[in-house]
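For reference, the chains in residue letters:
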Amino acid sequence: MKNIDSKTHVRGESVYLDDIPLIEGTLFACVFDSPIAYGKLRSIDTYEAENSLGVVKVIIASDLIGENQIGGVVPDEPLLADGEVHFQGMPIAIVLAESEELARKAAKKITADIEPLEPVTDPRVAAANGDLIVPPKKFIMGDCETAFAECEHVFSGLTEQNGQEHLYIETQGAYAVPTEDASIKVYSSTQGPTAVQRAVCRVTGLPMHRVEVDVQRLGGGFGGKEDQANAWASICAVGAQLTKRPVKYALHRMEDMRMTGKRHPYSSDYKIGLTKDLKIIAYEVTFYQNAGASADLSPPVLERTLFHATNSYFIPNVTATAYSCRTNLPPNTAFRGFGGPQGMFVIEAAIVHAAEKLGVSAADIQRNNLIDDGDEFPYGQKAESDAITSWTQGDAEFNFARLQKEADDFNAESKYFKKGVAMMPVCFGISFTKTPMNQARSLVHVYTDGSVAVSTGAVEMGQGVNTKIAQVAAKVFGLPIDKVKIHTTNTLRIANTSPTAASAAADLNGKATQMACETIRDRLFDVAKGLVEAEAVENLSLEDGHVYRNGDRTSLDWKTLVMDAHLQRVNLSEHAHYATPGINFDWSTAKGHPFAYHVYGTAIVGVTVDCLRGRYEVDYVKCCHDFGSSMNTAVDNGQIEGGIVQGLGWMTMEEVVYDDAGKLRSNALSTYKVPDIHSVPKEIAILPLQTNRENLAVLNSKAVGEPPLMYGMGAYFAIRNAIKAFTECSPEFDAPFTPEKVLMNLYSE
Ligand code: MTE
Ligand code: HPA
Ligand code: MOS
């Protein structure tokens, strides 16, 4: 089943923020942002800008009617700098003009008198200064100290991981339209319509029922629009409030890259202890998260790093500590995996370290420590594990030993090209780690012509959630998919939404849709029972647009049934609420059952490194992936392929560079390399692992959005193996493995 958007996508007819027809009188915003990373803001000179052609207004912090605050998790983020600037790119003033070009021209004329202060860009320095966003978080299981004393082998080291630019194809943006009686309608490119609504209300001082947020779809979010769409929507809303005219702002690529946060870089220390038969019995890890200048989503990202600190492994004694460190960079934010990948990288590095020192294959240690059914994660939840199954089935299909031997044989023959192979198991918990966020609603209307309209809290951003939700409604009503229309995500139809994030949008909103549809279906069955003279509603079903009785098609079609029900004054609409059952987490003990379930998988990644030039190619990523029962293999395979490429981009080529002054140097696509079609692995093979347990999501599926990103991490370790086949060396665990770094390691003696 195709993605329901595919037709309008390929015809260029899909509507994104920039395609919304503008109302006459619309103004265009442009931000003047801080040229330096840290300093005292003494004064702002807006005179020349204000008197520029086409400029209607310039707004600074003191002009705001509401609060100058957009921080979601912690109220530590002003919309406009006031008194201090905290990062290069921090908005200081908003120019509103009659055209985009005039707004941008005028913004360049603003100057600010800023007394520079010494910026901090290194999270370890921030931690040493005690500059933390929130108090440190810790997971403890067993007793590491005693366990280390019993270990045959103990290794410790340090890892560095860099950030990642989201590079959604559609940049951030919003369009705010003042409506009757001091209300505002905001179109926003956001994963979190309610988050935008809250931020807009805060800065305008309006109550939530006067602010409507509407989202058609995003040209990608990847976490970057979970929290960081708020600023641009707030800027437009404030402009609309103060001028009583519609205001639009769609960021240019370089503005977006400069002003928005990215994946969190981490610096981490690890210590791993193994028995003589290679059981990992102790693991101590400390994470220093580079949060940037304000909290944004850093605290929950930090928590998920802890949740995934042991990846797919069972380790009985674990002490994991995490610091969210305040630096003078744009606030870093959610990015596919939400801190999980950062946690997993460190344990994988620790295992590779141990394997190299012990002269065994990392795969032997990995395989020997996979988490099994009933084993406990450091946060108290017991695994219902398919880690071993995904490994053994993947290995049976793809044969790691054979692939390793192929690489070894190739390496024996080839002087300047070397192959490397790595195994990458993944275990990712599904649910927002903050339990109250795991709820969703769906509003379903059946119209008297038999067509169905569905609204949910889910935001379509290319991941196919609308297709899955339409499939659910079509299935319950026994209709073809084109009888179901999924409408925009709108805070008037669906209130108090959780963002579309944590891979859980289809799970949560799909379930709510299923519930709403089933309620309407049951009402229709009561009507149909009389019409087809069935003995009981249990004998009825809906299929291919007809009522079936005892499995036989009757002459009663869907449209007739619906009209009949309406004439009998039966309610053909339903608003259903779903909350994931059985989950909880208590931070006072750091134990609980935070996840509905885990997604498991194992990838084998093979690369070839050109040892003269430092370049490399990813030959294959072969994975065995746990789908539950996939609702849509086309969509899900697309998620896996996209996730893998994004993951290996992060691990191998994408290099976010801030200089010591906190200025972004990789500020355009000419200086920031993302995977292109040539960097896509020559082969991506997906072996579906069909798991079946009680607690899965809608129609027995499992979430798929984020977990595959982590398969891409295998490329990092495969490149390392290829380098080691060329020369004896021990590269630092410093990701990404850019060609420059590969070359340095190849000739590092
Ligand atoms: N796929 C596309 N095409 N575009 C995106 O922005 N975001 C990812 C993932 N896949 C994303 C994507 C992220 S970060 C998440 S959390 C999930 O989709 C969210 O959608 P879901 O909950 O429907 O899986
Ligand atoms: N994942 C993604 N986004 C989130 C989460 C999470 O666990 N918690 C809060 N926002
Ligand atoms: Mo995804 S990082 O949870 O938006």
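Coordinates for the structure precede this section.
Residues numbered from 1 in each chain as written. Chains lettered and ligands numbered in written order. Predicted model: local features only at pLDDT ≥ 70, side-chain atom pairs only at ≥ 80, totals over all residues. Heavy atoms only, no water.

## Digging into the overall build of the chain
Then comes step 1: Scanning the chain from N- to C-terminus turns up 19 helices and 30 strands.
Then comes step 2: A compact globule built from 749 residues would reach a C-alpha radius of gyration of about 27 Å, and the chain, at 27 Å, matches this within 12%.
Then comes step 3: Taking the principal axes of the C-alpha coordinates as reference, the chain spans close to 80 × 75 × 50 Å.
Then comes step 4: Residue burial in the chain is summarised as follows: out of 749 residues, 61% are buried.
Then comes step 5: In the form shown here, the chain has an accessible surface area of approximately 28200 Å², with 50% of it arising from carbon and sulfur atoms.
Then comes step 6: For the chain, the distance from the average site of its 68 positive side-chain charges to the average site of its 94 negative ones is 3 Å. (Helix = DSSP H or I, 4+ residues; strand = E, 2+ residues; numbered from the N terminus. Rg over C-alpha atoms; globule rule 2.2 N^0.38 Å. Buried < 20%, exposed > 50% of the residue type's maximum accessible area, 1.4 Å probe, protein only. Areas by Shrake-Rupley, 256 points an atom, 1.4 Å probe, with all protein chains shown as cover. Lys, Arg positive; Asp, Glu negative; His and termini not counted. Charge placed at Lys NZ, Arg CZ, Asp CG, Glu CD.)

## Focus: the site of ligand 2
Then comes step 1: In the region of ligand 2, the neighbouring residues are Glu226, Arg304, Phe338, Phe432, Thr433, Met437, Ala501 and Ala502.
Then comes step 2: Within the side chain of Glu226, one N or O atom sits 2.8 Å away from a nitrogen atom of ligand 2.
Then comes step 3: At 3.2 Å from an oxygen atom of ligand 2 is found a main-chain nitrogen or oxygen belonging to Thr433.
Then comes step 4: A total of 260 Å² of accessible area belongs to ligand 2 in isolation, and the protein chains cover 97% of it.
Then comes step 5: Residue classes in the shell around ligand 2 are distributed as 5 nonpolar, 1 polar and 2 charged. (Near = heavy atom within 4 Å. Polar contact = N/O pair within 3.5 Å; in protein donor to acceptor, adjacent residues only side chain to side chain. Nonpolar A, V, L, I, M, F, W, Y, C, P; charged D, E, K, R; others polar.)

## Quick look at the site of ligand 1
Then comes step 1: Around ligand 1 sit 19 residues in total, of which Gly221, Phe222, Met461, Ala505 and Gln639 are the nearest.
Then comes step 2: Within the contact set of ligand 1, an oxygen atom lies 2.9 Å away from a backbone nitrogen or oxygen of Phe222.
Then comes step 3: Here an oxygen atom of ligand 1 sits 3.4 Å away from a polar atom, N or O, in the main chain of Ser503.
Then comes step 4: For ligand 1, the accessible surface in isolation is 520 Å², of which the surrounding protein chains cover 92%.
Then comes step 5: Looking at side-chain class alone, the shell around ligand 1 contains 8 nonpolar, 9 polar and 2 charged residues.

## Thoughts on the sheet that holds strand S1 (residues 27-33)
Then comes step 1: Sheet architecture is open: 8 strands sit in the order S3-S5-S1-S12-S9-S10-S11-S20, paired in mixed fashion. In this open sheet, the two strands that pair with only one neighbour each are strand S3 (55-59) and strand S20 (489-490).
Then comes step 2: Both strand S11 (residues 211-215) and S20 contribute to a ladder of 2 bridges, which runs antiparallel. Counterpart to Asp214 in the pairing with S20 is Asn490.
Then comes step 3: Contacts from helix H6 (residues 193-204) reach strand S10 (183-188), S11 and S20, with the element oriented near 145° to S11. (Pairing = 2+ DSSP bridges. Contact = heavy atoms within 4.5 Å. Axes fitted to C-alpha atoms, helices over the stretch in contact; angles between N-to-C directions.)

## Some words on the packing of aromatic side chains
Then comes step 1: Taken as a whole and judged by the stated rule, the model has 22 aromatic pairs.
Then comes step 2: Judged by centre distance (6.1 Å) and plane angle (45°), the ring pair of Phe139 and Tyr379 falls under tilted. On the criterion of sequence distance, the pair formed by Phe139 in strand S7 (residues 137-141) and Tyr379 in the loop between helix H11 (362-368) and helix H12 (387-398) is long-range, its members being 240 residues apart.
Then comes step 3: With 6.2 Å between their ring centres and 70° between their planes, Phe307 and Trp587 make a pair best called edge-to-face. Remark: Trp587 occurs in the loop between strand S25 (584-586) and strand S26 (591-593) and Phe307 occurs in helix H9 (residues 298-307); sequence separation between them is 280 residues.
Then comes step 4: Residue Trp587 is classed as partly exposed on the basis of its relative accessible area, which comes to 29%.
Then comes step 5: Aromatic ring contacts, followed pair by pair, group Phe139, Phe307, Phe377, Tyr379, Phe585, Trp587 and Phe595 into a single cluster.
Then comes step 6: Positioned above the aromatic ring of Trp587 is the side chain of Lys137, whose terminal nitrogen or guanidinium carbon lies 4.8 Å from the ring centre. (Phe/Tyr/Trp six-rings, centres within 6.5 Å; stacked < 30°, edge-to-face > 60°. Lys NZ or Arg CZ within 6 Å of the ring centre and 35° of its normal.)

## With respect to the environment of Asp544
Then comes step 1: Considering the arrangement of structural elements, one finds Asp544 in the loop between strand S21 (540-543) and strand S22 (546-549).
Then comes step 2: A C-alpha to C-alpha distance of 41 Å links Asp544 and Gly647, two positions 103 residues apart in sequence.
Then comes step 3: Other than its neighbours up to four places away in sequence, Asp544 contacts Gly478 and Arg553.

## Points about the pairing of strand S18 (residues 452-456)
Walk down a regular strand and you will see the side chains alternate between the two sheet faces.
Then comes step 1: Burial of S18 is extensive: 5 of the 5 residues sit out of reach of the surface.
Then comes step 2: Of the two faces of S18, the one lined by Val452, Val454 and Thr456 and the one lined by Ala453 and Ser455 are each fully buried.
Then comes step 3: The sheet contact formed by strand S17 (residues 439-446) and S18 spans 5 bridges and is antiparallel. Bridge pairing in S18 places His445 opposite Ala453.
Then comes step 4: Following S17, the chain reverses through 5 residues before pairing antiparallel with S18; Gly450 in that reversal takes a positive phi of roughly 90°.
Then comes step 5: In this structure, S18 lies alongside strand S19 (residues 484-486), joined through 3 bridges in parallel fashion. Bridged to Val454 within S19 is Ile486.

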